[in-house]
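Breakdown of the fold
Below are the chains, spelled out letter by letter.
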Amino acid sequence: MSISGSITIDDTQWPLLVVRFVGQPSLQQQEAYFVQMLDHLKREEKLVVIVDTQQVIMMTTENRQRLAEFVREHDALLRTRLLGCATIITSPVMQLAASLMLYLKPPPFPYLTASSLPEAVKWTAKCLDDAGLQPAAQRILRHHGLHEGQRAG
């Protein structure tokens with residue numbers, strides 16, 4: 001029995017991408033997501049990503065394996081372009097699975113496991129700020145109703 005799902009990428013706050021996983025995305029949806037991510041990574045600009053998994057059902061083994069393959073295949077590009085990735089995880093089961101995956105194979109970029117969107121926004125804004133992209137960091141904080149003094153430390 002398959003549970004429908006979706007993956008959306010919001011790039012309206014570039015250089016921040018907000019990726020939302022809902023339900024249980026299919027392998028085809030995941031492949032389409034990888035194509036979109038590659039398009040963004042190949043823009044030759046630094047970026048940060050927030051992955052929102054608050055509405056996702058546990059990924060299948062195949063999805064997890066394909067994600068690991070994608071990261072391995074594009075390691076150099078991810079290291080070069082991705083300043084940081086904050087993943088919002090509220091499910092204890094997902095937190096445990098993510099902790100185990102990150103322990104066994106840390107990603108080739110800075111990452112944070114966050115419990116809320118504001119926490120993820122503050123951290124990604126700090127990544128941008130630390131990389132000298134202060135105007136983008138400030139714009140993203142304002143967009144989310146946060147001010148500079150609220151940045152994660």
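These figures come from a predicted structure and were not determined experimentally. Once a new chain begins, its residue numbering starts again from 1 and follows that chain's sequence as written. Local features in this predicted model are restricted to residues of pLDDT 70 or higher, and side-chain atom pairs are both shown and tallied only at a pLDDT of 80 or more, whereas totals for entire chains, interfaces and linings draw on every residue. Neither water nor hydrogens contribute to the side-chain values; these are computed over all heavy atoms in the structure.

**Considerations on the overall build of the protein**
Only runs of H or I of at least four residues qualify as helices and only runs of E of at least two qualify as strands under DSSP, and these elements are numbered from the N terminus. Within the protein, the secondary structure is distributed over 6 helices and 5 strands. When the elements of the protein are put in sequence order from the N terminus, they spell out β-β-α-β-α-α-β-α-β-α-α. Computed over its C-alpha atoms, the radius of gyration of the protein comes to 15 Å, within 12% of the 15 Å expected for a compact globule of 153 residues. Considering only C-alpha atoms, the protein reaches an extent of 45 × 30 × 30 Å along its principal axes. Any residue under 20% of the maximum accessible area for its type is buried, any over 50% is exposed, and the rest in between are partly exposed; the area is computed with a 1.4 Å probe on protein chains only. Evaluated residue by residue, the protein yields a buried proportion of 41% over its 153 residues. Taking as baseline every contact in the protein between residues at least 6 positions apart, the subset at least 24 positions apart corresponds to 71%. Carbon and sulfur atoms make up 55% of the accessible area of the protein, which totals about 8300 Å². As used throughout, the charge tally considers Lys and Arg to be positive and Asp and Glu to be negative, leaving His and the chain termini uncounted. Working definition for charges: the position is that of NZ of Lys, CZ of Arg, CG of Asp or CD of Glu. Once the 15 positive and 15 negative side-chain charges of the protein are each reduced to a mean point, those two points are 3 Å apart. Every radius of gyration here is taken over C-alpha atoms, with the globule rule written as 2.2 Å times N^0.38, N being the number of residues. Residue contacts are counted whenever heavy atoms from the two residues lie within 4.5 Å of one another. Methods summary: accessible areas were calculated by the Shrake-Rupley approach with a probe of 1.4 Å, and residue burial reflects only the protein chains presented.

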